[in-house]
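Chain by chain, the residues:
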Amino acid sequence: MAKEEEKKNPTPSEAKQPLKTVKKEALGWMEWLRGWFYLVYEMLFQRILASHLHNPMPLPPVNDLTCIVTGSTSGIGREIARQLAEAGAHVVMAVRSTNRAQELIRKWQEDWSGKGLPLNIEVMELDLLSLDSVARFAEAWNARMAPLHVLINNAGIFSIGEPQKFSKDGYEEHMQVNHLAPSMLSILLLPSLIRGSPSRIINVNSTMHYVGFVDPEDMNVVSGKRKYTSVVGYGGSKLAQIMFSSVLHKRLPAEAGISVVCNTPGIVLTNVARDLPQFLQVGYRLIPYFIFNAEEGSRSTLFAATDPQISEYCEMLKADDWPVCAYISHDCRPTNASEEAHNVETSYKVWEKTLELVGLPSDAVERLIEGEEIKCRYGNSQE
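In this report, we go over the structure that sits alongside the text. Predicted model, so just to flag it, every value in this text is computed and none were measured.

## Notes on the layout of surface pockets
- Approximately 450 Å³ is the volume found for the second largest pocket.
- Taken together, 18 residues form the lining of the second largest pocket, with Asn142, Pro191, Leu368, Glu373 and Ile374 sitting closest to its centre.
- Breaking the lining of the second largest pocket down by element, the ones donating at least two residues are helix H6 (131-143) and helix H8 (190-195).
- The leading source of residues in the lining of the second largest pocket is H6, at 5 residues.
- Each residue belonging to the lining of the second largest pocket can be placed in one class, and the counts come to 10 nonpolar, 3 polar and 5 charged.

Given below as C-alpha coordinates:
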(Lines give C-alpha, C1' and ligand atoms only; values in the text may rest on other atoms or scores of the structure.)
Protein backbone atom coordinates (compact mmCIF):
# COMPACT_ATOMS: atom_id res chain seq x y z
CA MET A 1 0.00 0.00 0.00
CA ALA A 2 2.81 2.41 0.87
CA LYS A 3 4.45 1.84 -2.50
CA GLU A 4 1.15 2.46 -4.25
CA GLU A 5 0.78 5.78 -2.37
CA GLU A 6 4.27 6.80 -3.49
CA LYS A 7 3.29 6.24 -7.11
CA LYS A 8 0.12 8.31 -6.71
CA ASN A 9 1.90 11.19 -4.96
CA PRO A 10 4.99 12.42 -6.82
CA THR A 11 7.88 13.95 -4.91
CA PRO A 12 8.13 17.78 -4.80
CA SER A 13 11.03 17.71 -7.27
CA GLU A 14 9.00 15.64 -9.72
CA ALA A 15 5.97 17.89 -9.34
CA LYS A 16 8.03 20.97 -10.24
CA GLN A 17 9.16 19.54 -13.57
CA PRO A 18 7.14 20.95 -16.50
CA LEU A 19 5.12 18.55 -18.57
CA LYS A 20 6.76 17.75 -21.88
CA THR A 21 4.64 18.71 -24.87
CA VAL A 22 4.66 16.22 -27.69
CA LYS A 23 5.50 17.90 -31.00
CA LYS A 24 2.73 17.49 -33.53
CA GLU A 25 4.08 15.97 -36.72
CA ALA A 26 0.94 15.69 -38.84
CA LEU A 27 -2.80 16.28 -38.83
CA GLY A 28 -4.85 13.88 -36.74
CA TRP A 29 -7.06 11.58 -38.76
CA MET A 30 -10.20 13.40 -37.55
CA GLU A 31 -8.75 16.76 -38.67
CA TRP A 32 -7.75 15.22 -41.98
CA LEU A 33 -11.23 13.78 -42.60
CA ARG A 34 -12.87 17.03 -41.56
CA GLY A 35 -10.67 18.91 -44.01
CA TRP A 36 -11.67 16.70 -46.93
CA PHE A 37 -15.30 17.01 -45.88
CA TYR A 38 -15.00 20.82 -46.17
CA LEU A 39 -13.49 20.44 -49.64
CA VAL A 40 -16.25 18.14 -50.90
CA TYR A 41 -18.92 20.31 -49.28
CA GLU A 42 -17.53 23.44 -50.92
CA MET A 43 -17.43 21.83 -54.34
CA LEU A 44 -20.99 20.48 -54.14
CA PHE A 45 -22.67 23.52 -52.61
CA GLN A 46 -20.53 26.54 -53.50
CA ARG A 47 -22.78 27.60 -56.37
CA ILE A 48 -25.87 27.44 -54.15
CA LEU A 49 -24.16 29.29 -51.29
CA ALA A 50 -22.96 32.01 -53.67
CA SER A 51 -26.23 32.29 -55.59
CA HIS A 52 -26.89 35.73 -54.06
CA LEU A 53 -23.81 37.18 -55.80
CA HIS A 54 -23.93 38.98 -59.12
CA ASN A 55 -21.63 37.97 -61.93
CA PRO A 56 -19.57 39.95 -62.69
CA MET A 57 -19.14 41.41 -59.23
CA PRO A 58 -20.28 45.07 -59.08
CA LEU A 59 -17.49 47.18 -57.61
CA PRO A 60 -17.60 50.38 -55.55
CA PRO A 61 -15.71 53.45 -56.89
CA VAL A 62 -12.04 52.49 -57.30
CA ASN A 63 -10.79 55.37 -59.47
CA ASP A 64 -8.29 56.48 -56.83
CA LEU A 65 -6.87 53.01 -56.15
CA THR A 66 -3.53 51.61 -57.28
CA CYS A 67 -3.58 47.81 -57.22
CA ILE A 68 -0.78 45.31 -57.79
CA VAL A 69 -2.06 41.91 -58.94
CA THR A 70 0.40 39.02 -59.14
CA GLY A 71 -0.16 36.20 -61.62
CA SER A 72 -2.59 38.25 -63.68
CA THR A 73 -2.13 36.75 -67.15
CA SER A 74 -4.46 33.78 -66.60
CA GLY A 75 -7.33 32.44 -64.56
CA ILE A 76 -8.63 34.35 -61.57
CA GLY A 77 -5.78 36.89 -61.65
CA ARG A 78 -6.60 37.90 -65.23
CA GLU A 79 -10.24 38.51 -64.29
CA ILE A 80 -9.26 40.49 -61.18
CA ALA A 81 -6.91 42.74 -63.15
CA ARG A 82 -9.38 43.31 -65.99
CA GLN A 83 -12.35 44.09 -63.76
CA LEU A 84 -10.39 46.46 -61.50
CA ALA A 85 -9.04 48.29 -64.56
CA GLU A 86 -12.51 48.58 -66.15
CA ALA A 87 -13.80 49.97 -62.84
CA GLY A 88 -11.18 52.74 -63.07
CA ALA A 89 -8.30 51.51 -60.90
CA HIS A 90 -4.63 51.84 -61.80
CA VAL A 91 -3.63 48.19 -62.16
CA VAL A 92 -0.08 46.85 -62.12
CA MET A 93 0.17 43.37 -63.59
CA ALA A 94 3.06 41.74 -61.74
CA VAL A 95 3.86 38.75 -63.93
CA ARG A 96 6.59 36.47 -65.18
CA SER A 97 5.58 36.74 -68.85
CA THR A 98 5.51 40.47 -69.63
CA ASN A 99 4.91 39.87 -73.37
CA ARG A 100 1.77 37.90 -72.63
CA ALA A 101 0.55 40.65 -70.30
CA GLN A 102 1.14 43.31 -72.96
CA GLU A 103 -0.90 41.29 -75.45
CA LEU A 104 -3.76 41.06 -72.96
CA ILE A 105 -3.66 44.80 -72.34
CA ARG A 106 -3.87 45.50 -76.08
CA LYS A 107 -6.92 43.23 -76.36
CA TRP A 108 -8.59 44.75 -73.30
CA GLN A 109 -8.00 48.28 -74.60
CA GLU A 110 -9.56 47.34 -77.96
CA ASP A 111 -12.59 45.76 -76.26
CA TRP A 112 -12.95 48.78 -73.97
CA SER A 113 -12.64 51.36 -76.75
CA GLY A 114 -15.59 53.74 -76.76
CA LYS A 115 -16.78 52.76 -73.28
CA GLY A 116 -14.73 55.33 -71.37
CA LEU A 117 -11.20 56.50 -70.72
CA PRO A 118 -8.42 54.08 -71.75
CA LEU A 119 -7.67 51.46 -69.12
CA ASN A 120 -4.89 52.45 -66.72
CA ILE A 121 -2.81 49.24 -66.73
CA GLU A 122 0.92 48.62 -66.74
CA VAL A 123 3.17 45.59 -66.54
CA MET A 124 6.11 44.84 -64.25
CA GLU A 125 8.17 41.68 -64.25
CA LEU A 126 7.92 39.42 -61.21
CA ASP A 127 9.02 35.79 -60.94
CA LEU A 128 8.00 34.25 -57.62
CA LEU A 129 10.37 31.35 -58.17
CA SER A 130 13.21 33.85 -57.71
CA LEU A 131 13.47 35.77 -54.43
CA ASP A 132 15.94 38.10 -56.16
CA SER A 133 13.13 38.98 -58.58
CA VAL A 134 10.75 39.65 -55.68
CA ALA A 135 13.25 41.96 -53.99
CA ARG A 136 14.01 43.82 -57.23
CA PHE A 137 10.30 44.29 -57.93
CA ALA A 138 9.72 45.78 -54.46
CA GLU A 139 12.77 48.05 -54.82
CA ALA A 140 11.57 49.31 -58.19
CA TRP A 141 8.06 50.02 -56.97
CA ASN A 142 9.13 51.64 -53.68
CA ALA A 143 11.55 53.86 -55.61
CA ARG A 144 8.57 55.56 -57.26
CA MET A 145 7.54 56.91 -53.83
CA ALA A 146 3.97 56.31 -54.99
CA PRO A 147 1.11 55.04 -52.82
CA LEU A 148 -0.06 51.44 -53.06
CA HIS A 149 -3.63 50.82 -51.97
CA VAL A 150 -4.13 47.12 -52.67
CA LEU A 151 -1.62 44.28 -53.01
CA ILE A 152 -3.31 41.14 -54.31
CA ASN A 153 -1.09 38.09 -53.90
CA ASN A 154 -2.94 35.93 -56.39
CA ALA A 155 -0.21 33.95 -58.17
CA GLY A 156 0.11 30.36 -57.07
CA ILE A 157 0.92 26.86 -58.26
CA PHE A 158 -0.55 23.43 -57.62
CA SER A 159 1.52 20.84 -59.49
CA ILE A 160 -0.88 17.96 -58.94
CA GLY A 161 0.78 14.56 -59.06
CA GLU A 162 4.21 16.01 -59.86
CA PRO A 163 7.38 14.95 -58.00
CA GLN A 164 8.90 17.32 -55.47
CA LYS A 165 10.67 20.28 -57.10
CA PHE A 166 12.84 23.02 -55.70
CA SER A 167 13.44 26.60 -56.80
CA LYS A 168 16.91 27.93 -57.52
CA ASP A 169 16.74 29.47 -54.04
CA GLY A 170 16.56 25.94 -52.64
CA TYR A 171 12.94 25.92 -51.46
CA GLU A 172 10.10 23.55 -52.33
CA GLU A 173 8.24 25.23 -55.18
CA HIS A 174 4.75 25.22 -53.64
CA MET A 175 6.10 26.74 -50.44
CA GLN A 176 8.08 29.42 -52.27
CA VAL A 177 5.47 30.51 -54.82
CA ASN A 178 2.40 30.25 -52.57
CA HIS A 179 3.89 31.46 -49.30
CA LEU A 180 7.51 32.59 -49.06
CA ALA A 181 7.61 34.93 -52.08
CA PRO A 182 4.25 36.67 -51.48
CA SER A 183 5.07 37.04 -47.77
CA MET A 184 8.39 38.64 -48.67
CA LEU A 185 6.68 40.92 -51.19
CA SER A 186 4.10 42.01 -48.62
CA ILE A 187 6.78 42.99 -46.10
CA LEU A 188 9.00 44.79 -48.62
CA LEU A 189 6.05 46.81 -50.00
CA LEU A 190 4.99 48.07 -46.56
CA PRO A 191 6.48 51.56 -47.18
CA SER A 192 4.25 51.98 -50.26
CA LEU A 193 1.23 50.46 -48.50
CA ILE A 194 1.70 52.94 -45.65
CA ARG A 195 1.75 55.79 -48.20
CA GLY A 196 -1.51 54.42 -49.60
CA SER A 197 -3.18 53.99 -46.20
CA PRO A 198 -5.89 52.87 -45.74
CA SER A 199 -4.59 49.95 -47.77
CA ARG A 200 -4.96 46.19 -47.98
CA ILE A 201 -2.95 43.03 -48.47
CA ILE A 202 -5.15 40.34 -50.03
CA ASN A 203 -3.85 36.77 -50.09
CA VAL A 204 -5.76 34.44 -52.40
CA ASN A 205 -5.87 31.24 -50.38
CA SER A 206 -7.64 27.89 -50.75
CA THR A 207 -9.94 25.53 -48.89
CA MET A 208 -7.09 23.04 -49.36
CA HIS A 209 -5.46 24.65 -46.32
CA TYR A 210 -7.93 22.57 -44.26
CA VAL A 211 -5.89 19.47 -45.15
CA GLY A 212 -2.58 21.29 -44.79
CA PHE A 213 0.03 20.95 -42.07
CA VAL A 214 3.17 22.99 -41.46
CA ASP A 215 6.29 21.95 -39.56
CA PRO A 216 8.25 25.22 -39.15
CA GLU A 217 11.48 23.23 -38.95
CA ASP A 218 10.70 21.26 -42.10
CA MET A 219 8.87 23.66 -44.40
CA ASN A 220 10.47 22.04 -47.46
CA VAL A 221 9.23 18.57 -46.39
CA VAL A 222 12.67 17.00 -46.72
CA SER A 223 13.24 15.50 -43.26
CA GLY A 224 11.51 12.21 -44.13
CA LYS A 225 9.03 12.55 -41.25
CA ARG A 226 6.25 13.09 -43.78
CA LYS A 227 5.95 11.65 -47.25
CA TYR A 228 5.85 14.41 -49.84
CA THR A 229 2.92 14.62 -52.24
CA SER A 230 1.68 17.61 -54.21
CA VAL A 231 -1.31 17.81 -51.83
CA VAL A 232 1.07 17.95 -48.85
CA GLY A 233 3.10 20.68 -50.56
CA TYR A 234 0.12 22.76 -51.67
CA GLY A 235 -1.99 22.39 -48.52
CA GLY A 236 0.98 23.18 -46.28
CA SER A 237 1.91 26.27 -48.28
CA LYS A 238 -1.64 27.65 -48.07
CA LEU A 239 -1.83 27.01 -44.32
CA ALA A 240 1.55 28.71 -43.87
CA GLN A 241 0.19 31.71 -45.78
CA ILE A 242 -2.71 32.09 -43.34
CA MET A 243 -0.46 31.66 -40.30
CA PHE A 244 2.00 34.28 -41.53
CA SER A 245 -0.85 36.65 -42.47
CA SER A 246 -2.35 36.27 -38.98
CA VAL A 247 0.89 37.33 -37.30
CA LEU A 248 1.38 40.20 -39.76
CA HIS A 249 -2.18 41.31 -38.98
CA LYS A 250 -1.27 41.47 -35.28
CA ARG A 251 2.10 43.17 -35.83
CA LEU A 252 0.73 46.03 -37.88
CA PRO A 253 -0.43 48.83 -35.56
CA ALA A 254 -3.88 50.29 -36.17
CA GLU A 255 -2.37 53.64 -37.13
CA ALA A 256 -0.57 52.01 -40.07
CA GLY A 257 -3.98 51.57 -41.69
CA ILE A 258 -3.14 48.28 -43.44
CA SER A 259 -5.66 45.44 -43.45
CA VAL A 260 -4.54 41.84 -44.01
CA VAL A 261 -7.09 39.46 -45.53
CA CYS A 262 -7.05 35.90 -46.81
CA ASN A 263 -9.83 34.60 -49.05
CA THR A 264 -10.82 31.47 -50.87
CA PRO A 265 -12.11 31.77 -54.46
CA GLY A 266 -13.88 28.41 -54.25
CA ILE A 267 -13.27 25.43 -56.52
CA VAL A 268 -12.45 27.08 -59.83
CA LEU A 269 -11.74 25.69 -63.29
CA THR A 270 -8.46 27.43 -64.12
CA ASN A 271 -5.05 26.46 -65.45
CA VAL A 272 -4.57 24.23 -62.40
CA ALA A 273 -6.54 21.65 -64.38
CA ARG A 274 -3.64 21.41 -66.83
CA ASP A 275 -1.65 19.57 -64.18
CA LEU A 276 -4.39 17.09 -63.34
CA PRO A 277 -4.19 13.48 -64.52
CA GLN A 278 -6.16 13.00 -67.74
CA PHE A 279 -9.05 11.11 -66.12
CA LEU A 280 -9.47 13.91 -63.54
CA GLN A 281 -9.46 16.56 -66.26
CA VAL A 282 -12.36 14.71 -67.89
CA GLY A 283 -14.17 14.60 -64.53
CA TYR A 284 -13.55 18.31 -64.05
CA ARG A 285 -15.35 19.04 -67.30
CA LEU A 286 -18.23 16.64 -66.59
CA ILE A 287 -19.36 18.67 -63.56
CA PRO A 288 -19.38 22.27 -64.82
CA TYR A 289 -22.39 23.11 -62.69
CA PHE A 290 -20.40 22.67 -59.48
CA ILE A 291 -17.17 24.35 -60.59
CA PHE A 292 -16.79 28.14 -60.78
CA ASN A 293 -15.38 29.75 -63.88
CA ALA A 294 -12.61 32.33 -63.49
CA GLU A 295 -15.01 35.29 -63.41
CA GLU A 296 -17.04 33.68 -60.63
CA GLY A 297 -13.86 32.68 -58.82
CA SER A 298 -12.62 36.29 -58.84
CA ARG A 299 -15.55 37.62 -56.81
CA SER A 300 -14.31 36.95 -53.28
CA THR A 301 -10.94 38.56 -54.06
CA LEU A 302 -12.57 41.63 -55.60
CA PHE A 303 -14.87 41.85 -52.59
CA ALA A 304 -11.97 41.57 -50.15
CA ALA A 305 -10.03 44.20 -52.09
CA THR A 306 -12.77 46.81 -52.42
CA ASP A 307 -15.63 46.39 -49.94
CA PRO A 308 -15.58 49.32 -47.48
CA GLN A 309 -16.53 47.17 -44.49
CA ILE A 310 -13.47 44.92 -44.76
CA SER A 311 -11.27 47.41 -42.88
CA GLU A 312 -13.80 47.65 -40.05
CA TYR A 313 -13.96 43.86 -39.84
CA CYS A 314 -10.16 43.60 -39.62
CA GLU A 315 -10.09 46.26 -36.88
CA MET A 316 -12.73 44.35 -34.94
CA LEU A 317 -10.73 41.11 -35.13
CA LYS A 318 -7.63 42.94 -33.94
CA ALA A 319 -9.51 44.56 -31.04
CA ASP A 320 -10.86 41.15 -29.99
CA ASP A 321 -7.35 39.64 -30.26
CA TRP A 322 -8.70 36.98 -32.62
CA PRO A 323 -5.90 34.46 -33.43
CA VAL A 324 -6.52 34.40 -37.20
CA CYS A 325 -6.64 37.25 -39.73
CA ALA A 326 -9.81 38.00 -41.67
CA TYR A 327 -10.80 35.07 -43.90
CA ILE A 328 -13.41 35.60 -46.63
CA SER A 329 -15.25 32.66 -48.18
CA HIS A 330 -16.12 32.10 -51.84
CA ASP A 331 -19.58 33.54 -51.12
CA CYS A 332 -18.06 36.83 -49.90
CA ARG A 333 -18.87 36.21 -46.25
CA PRO A 334 -16.48 36.09 -43.29
CA THR A 335 -15.71 32.50 -42.35
CA ASN A 336 -13.38 30.58 -40.09
CA ALA A 337 -10.04 29.15 -41.18
CA SER A 338 -9.06 25.62 -40.17
CA GLU A 339 -8.48 24.53 -36.59
CA GLU A 340 -4.75 24.23 -37.29
CA ALA A 341 -4.68 27.85 -38.52
CA HIS A 342 -5.70 28.88 -34.98
CA ASN A 343 -2.48 27.42 -33.54
CA VAL A 344 -0.88 30.65 -32.34
CA GLU A 345 2.38 29.03 -31.22
CA THR A 346 2.98 27.42 -34.61
CA SER A 347 1.95 30.62 -36.39
CA TYR A 348 4.68 32.61 -34.66
CA LYS A 349 7.22 29.90 -35.45
CA VAL A 350 6.14 30.01 -39.12
CA TRP A 351 6.52 33.80 -39.01
CA GLU A 352 10.06 33.63 -37.62
CA LYS A 353 11.14 30.85 -39.98
CA THR A 354 9.66 32.62 -43.01
CA LEU A 355 11.57 35.84 -42.32
CA GLU A 356 14.74 33.80 -41.85
CA LEU A 357 14.27 31.93 -45.15
CA VAL A 358 13.58 35.08 -47.20
CA GLY A 359 16.51 36.93 -45.65
CA LEU A 360 14.65 39.62 -43.71
CA PRO A 361 15.40 40.76 -40.14
CA SER A 362 13.00 39.61 -37.41
CA ASP A 363 12.02 43.22 -36.68
CA ALA A 364 11.50 44.15 -40.35
CA VAL A 365 7.86 45.20 -39.89
CA GLU A 366 8.54 47.46 -36.93
CA ARG A 367 11.51 49.13 -38.63
CA LEU A 368 9.68 49.71 -41.89
CA ILE A 369 6.74 51.25 -40.06
CA GLU A 370 9.17 53.63 -38.34
CA GLY A 371 10.44 54.66 -41.76
CA GLU A 372 13.79 52.90 -41.45
CA GLU A 373 15.50 50.98 -44.24
CA ILE A 374 16.20 47.28 -43.91
CA LYS A 375 18.69 44.97 -45.54
CA CYS A 376 17.49 41.94 -47.47
CA ARG A 377 19.60 38.97 -48.45
CA TYR A 378 18.14 39.14 -51.95
CA GLY A 379 17.94 41.78 -54.64
CA ASN A 380 20.13 44.82 -55.25
CA SER A 381 20.34 45.73 -51.56
CA GLN A 382 21.86 42.43 -50.50
CA GLU A 383 24.88 42.70 -48.26
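Now that the structure is up, let's keep going.
## Things to note about helix H12 (residues 299-306)
- With 8 of its 8 residues buried, H12 lies for the most part within the structure.
- Taken together, the buried positions of H12 are occupied by Arg299, Ser300, Thr301, Leu302, Phe303, Ala304, Ala305 and Thr306.

## Concerning the pairing of strand E1 (residues 66-70)
- Most of E1 sits inside the fold, with 5 of its 5 residues counted as buried.
- Alternating residues of E1 divide into Thr66, Ile68 and Thr70 and Cys67 and Val69, and every residue in both groups is buried.
- Pairing of E1 with strand E2 (residues 90-95), which is carried by 5 bridges, proceeds in the parallel orientation. Within the sheet, the bridge partner assigned to Thr66 lies in E2 and is His90.

## Side note on a nonpolar patch on the surface
- Nonpolar side chains collect at one region of the surface, where Phe37, Tyr38, Val40, Tyr41, Leu44, Phe45, Ile48, Leu49 and Tyr289 lie side by side and expose about 820 Å² of accessible area between them.
- Within the secondary structure, Phe37 sits in helix H3 (residues 29-49).
- You can call Phe37 exposed: its relative accessible area is 52%.

## Here's the deal with helix H9 (residues 230-251)
- If you check H9, its first and last C-alpha atoms are 31 Å apart, about what 22 residues at 1.5 Å a residue would give, namely 32 Å.
- Counting buried residues in H9 gives 18 out of 22 residues, a clear majority hidden from the surface.

## Some words on the packing of aromatic side chains
- Considering all chains together, one arrives at 7 aromatic pairs under this definition.
- With a centroid separation of 6.1 Å and 70° between ring planes, the pair formed by Trp32 and Trp36 is classed as edge-to-face. Within this pair, Trp32 and its partner Trp36 are both found in helix H3, separated by 4 residues, close to a single helical turn.
- For Trp36, a relative accessible area of 30% gives the class partly exposed.
- Through pairs of rings, three or more aromatic residues link up here, namely Phe37, Tyr38, Tyr41, Phe45 and Tyr210.
- A cation over a ring is seen here: Arg299 above Phe292, with NZ or CZ 5.3 Å from the ring centre.

## Quick look at unusual backbone geometry
- Omega for the peptide link from Asn55 to Pro56 comes to 5°, which places this bond in the cis form.
- Considering the arrangement of structural elements, one finds Pro56 in the loop between H3 and E1.
- A cis amide bond links Ser197 to the next residue, Pro198, at an omega of 0°.
- Unlike most non-glycine residues, Met145 shows phi in positive territory, near 60°.
- Owing to a relative accessible area of 58%, Met145 belongs among the exposed residues under this scheme.
- Located in the positive-phi region is Val221, a residue other than glycine, with phi close to 55°.
- Within the fold, Val221 resides in the loop between strand E5 (199-204) and H9.

## Regarding the environment of Glu122
- Inspection of the secondary structure assignment puts Glu122 in strand E3 (residues 121-125).
- Put simply, Glu122 and Gln102 are 20 residues apart on the chain and 8.2 Å apart in space, counted from C-alpha to C-alpha.
- Excluding residues that lie within four positions of it along the chain, Glu122 makes contacts with His90, Val91, Val92, Met93, Ile105, Trp141 and Arg144.
- A polar contact is formed between the side chain of Glu122 and the side chain of His90, at a distance of 2.8 Å.
- Polar side-chain contacts of Glu122 include one of 2.8 Å to the side chain of Arg144.

## Notes on the nonpolar core
- With 59 residues, the main nonpolar core has Ile68, Met184, Ile187, Leu189 and Leu360 as its most contacted residues.
- With 8 residues, helix H7 (residues 173-188) is the largest single contributor of residues to this core.
- With sequence-adjacent residues up to four places away left out, Ile68 is seen in contact with Val92, Ala94, Phe137, Trp141, Leu148, Val150, Leu151, Ile152 and Leu189.
- If you look at the next biggest cluster of nonpolar residues, it comprises 41 residues, including Ala50, Val62, Val91 and Leu119.

## Looking at the pairing of strand E6 (residues 258-263)
- Burial within E6 is extensive, with 6 of its 6 residues counted as buried.
- Both faces of E6 are covered, namely the face carrying Ile258, Val260 and Cys262 and the face carrying Ser259, Val261 and Asn263.
- With 6 bridges joining them, E5 and E6 adopt parallel strand pairing. By the bridge assignment for E6, Asn203 is matched with Cys262.

## Points about the sheet that holds E3
- Strand order in the open sheet formed by 7 strands is E3-E2-E1-E4-E5-E6-E7, with parallel pairing between adjacent strands. At either margin of the open sheet sits one strand with a lone partner, and together these are E3 and strand E7 (326-328). For this sheet the average axis-to-axis angle between neighbouring strands, irrespective of direction, equals 20°.
- As defined by bridge partners, E2 adjoins E3 across 5 bridges and the pair is classed as parallel. Looking across to E3, one finds that Ala94 is bridged to Met124.
- Packing against the sheet, H6 makes contact with E1, E2 and E3, and its axis sits at approximately 140° to E3.
- The sheet strands contacting H12 are strand E4 (150-153), E5, E6 and E7, and the helix crosses E5 at an angle near 160°.

What counts, and at which threshold
- Residues numbered from 1 in each chain as written.
- Predicted model: local features only at pLDDT ≥ 70, side-chain atom pairs only at ≥ 80, totals over all residues.
- Heavy atoms only, no water.
- 1 Å grid on protein atoms, 1.4 Å probe; cavity = no way out; pocket = protein on both sides within 12 Å on 5 of 7 lines; lining within 4 Å.
- Points joined across faces, edges and corners; volume = space filled by probe spheres on them.
- Helix = DSSP H or I, 4+ residues; strand = E, 2+ residues; numbered from the N terminus.
- Nonpolar A, V, L, I, M, F, W, Y, C, P; charged D, E, K, R; others polar.
- Buried < 20%, exposed > 50% of the residue type's maximum accessible area, 1.4 Å probe, protein only.
- Pairing = 2+ DSSP bridges.
- Patch = residues over 30% accessible without salt bridge, like charges linked within 9 Å, V, L, I, M, F, W, Y side chains within 5 Å.
- Areas by Shrake-Rupley, 256 points an atom, 1.4 Å probe, with all protein chains shown as cover.
- Salt bridge = Lys/Arg side-chain N within 4 Å of Asp/Glu carboxyl O.
- Expected span 1.5 Å × (residues − 1).
- Phe/Tyr/Trp six-rings, centres within 6.5 Å; stacked < 30°, edge-to-face > 60°.
- Lys NZ or Arg CZ within 6 Å of the ring centre and 35° of its normal.
- Contact = heavy atoms within 4.5 Å.
- Polar contact = N/O pair within 3.5 Å; in protein donor to acceptor, adjacent residues only side chain to side chain.
- Core = buried A, V, L, I, M, F, W, Y, C linked by side-chain atoms within 4.5 Å.
- Axes fitted to C-alpha atoms, helices over the stretch in contact; angles between N-to-C directions.

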